[in-house]
Amino acid sequence: MNRAASALVCGALTFGIHTAIASDDGPVVVVVNGVRIEPWEVGREFQKLLPQTSFHGRVEGDRRSELEKQATEVLVVNELKRQWAGREDLAVDGAAVDSEVAEVRARFVDETAYHAALNEQGITEAELRRAIMRDRLASDVDERI
């Protein structure tokens with residue numbers, strides 16, 4: 001993202017963002033202009049940020065808090081990008097999302113293992129599909145900017 005776009009997004013961070021611990025619909029980390037960012041999403045982004053050198057993902061104390069905060073910030077910025085994309089009528093190719101879901105599914109020995117992994121994360125396949133679509137849309141915004 002170029003410097004001007006980054007400043008625009010960072011400036012937008014002060015509007016429409018509410019931190020929450022729980023809502024009527026369950027736990028929430030933050031709400032961005034009415035869009036919920038849930039704990040499992042932060043966990044997913046946290047895993048992406050983990051240093052390759054960490055032993056089996058063990059990060060504790062201040063470093064863990066720092067990475068969780070960074071993961072949340074990434075998700076907030078990506079949500080703001082998606083909201084901008086909606087105003088610009090950008091869309092994600094459904095076939096590309098289907099392909100990525102199929103790639104995730106292929107990592108498991110069978111459907112039972114795949115669904116067990118989703119259940120372990122506390123998400124449904126629809127939520128996984130939504131997360132992939134949202135990631136792709138944020139990436140498309142970066143490319144367009």
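Rules behind the numbers
Residues numbered from 1 in each chain as written. Predicted model: local features only at pLDDT ≥ 70, side-chain atom pairs only at ≥ 80, totals over all residues. Heavy atoms only, no water. Helix = DSSP H or I, 4+ residues; strand = E, 2+ residues; numbered from the N terminus. Buried < 20%, exposed > 50% of the residue type's maximum accessible area, 1.4 Å probe, protein only. Contact = heavy atoms within 4.5 Å. Areas by Shrake-Rupley, 256 points an atom, 1.4 Å probe, with all protein chains shown as cover. Core = buried A, V, L, I, M, F, W, Y, C linked by side-chain atoms within 4.5 Å. Salt bridge = Lys/Arg side-chain N within 4 Å of Asp/Glu carboxyl O. pLDDT = per-residue confidence, 0-100. 1 Å grid on protein atoms, 1.4 Å probe; cavity = no way out; pocket = protein on both sides within 12 Å on 5 of 7 lines; lining within 4 Å. Points joined across faces, edges and corners; volume = space filled by probe spheres on them. Nonpolar A, V, L, I, M, F, W, Y, C, P; charged D, E, K, R; others polar.

Trainee: Describe the overall build of the chain, listing the residues and the values that go with them.
Mentor: Along the chain, the regular secondary structure elements total 6 helices and 5 strands. Overall, the chain shows an N-to-C arrangement of helices and strands of α-β-β-β-β-β-α-α-α-α-α. Evaluated residue by residue, the chain yields a buried proportion of 32% over its 145 residues. By sequence separation, contacts in the chain at least 24 residues apart represent 58% of the contacts at least 6 residues apart. When the accessible surface of the chain is summed, it comes to about 9,200 Å², and 52% of that surface belongs to carbon and sulfur atoms.

Trainee: Got a sec to walk through the side chain of Glu 38? Specific residues and values, please.
Mentor: Examined against the element boundaries, Glu 38 turns out to sit in the loop between strand E5 (35-37) and helix H2 (39-49). Those residues within four positions of Glu 38 in sequence are excluded, and the remaining contacts are Pro 27 and Val 29.

Trainee: Which residues make up the nonpolar core, and what values do they have?
Mentor: Ranked by size, the top nonpolar core spans 14 residues in total, and within it Val 97, Val 101, Tyr 114, Leu 118, Ile 123, Leu 128 and Ile 132 carry the most contacts. Those elements that provide at least two residues to this core are helix H4 (94-106), helix H5 (111-121) and helix H6 (125-144). Looking at this core element by element, the count peaks at 5 residues for H6. Val 101 has contacts with Tyr 114, Glu 125, Arg 129 and Ile 132, leaving out every residue within four places of it along the chain. Of all hydrophobic cores here, the second largest spans 12 residues; its members include Val 59, Leu 67, Ala 71 and Leu 80.

Trainee: An account of the pattern of salt bridges is needed here, citing residue identities and associated values.
Mentor: In this structure the tally under the stated criterion is 15 salt bridges. One salt bridge connects Arg 134 with Glu 79, and the closest N-O pair in it is separated by 2.8 Å. Of this pair, Arg 134 sits in helix H6 while Glu 79 sits in helix H3 (residues 61-87), placing them 55 residues apart in sequence. Considered together, Arg 134 and Glu 79 belong to a single accessibility category, that of buried residues.

Trainee: I'd like a rundown of unusual backbone geometry, residues and numbers included.
Mentor: Trans peptide bonds make up the majority, and among non-glycine residues the majority have a negative phi. Within the chain, Asn 33 stands out as a residue other than glycine whose phi angle is a positive 50°. Tracing the sequence through the fold places Asn 33 in the loop between strand E4 (30-32) and E5. Residue classification places Asn 33 among the partly exposed positions, given a relative accessible area of 43%. Although it is not a glycine, Asp 89 sits at a positive phi angle of roughly 60°. Following the sequence through the fold, Asp 89 ends up in the loop between H3 and H4. Judged by relative accessible area, Asp 89 falls into the exposed class, the value being 70%.

Trainee: Quick one: what's the story with the confidence of the model for the chain, residue by residue and with numbers?
Mentor: For the chain, per-residue confidence averages 80 on the pLDDT scale, and residues scoring 70 or more make up 77% of the total. Mean pLDDT values over the elements of the chain span from 40, in helix H1 (residues 3-12), up to 93, in H4. Within the model, the stretch residues 1-23 combines pLDDT values under 50 with 35 contacts to residues more than four positions away or in other chains.

Trainee: Tell me about the environment of Val 141, residues and numbers included.
Mentor: For Val 141, the position within the fold is in helix H6. Each C-alpha atom of the pair Val 141 and Glu 88 lies 9.8 Å from the other, and the pair is 53 residues apart in sequence.

Trainee: Explain the layout of surface pockets to me, and be specific about the residues and the numbers.
Mentor: There is about 460 Å³ of room inside the largest pocket. Around the largest pocket, the lining is made up of 16 residues, and of these Arg 44, Val 104, Arg 107, Gln 121 and Leu 128 lie nearest the centre. Sorting the residues of the lining of the largest pocket by element identifies H2, H4, H5 and H6 as the ones contributing at least two each. Looking at the lining of the largest pocket element by element, the count peaks at 5 residues for H2. Counted by class, the lining of the largest pocket contains 9 nonpolar, 3 polar and 4 charged residues.

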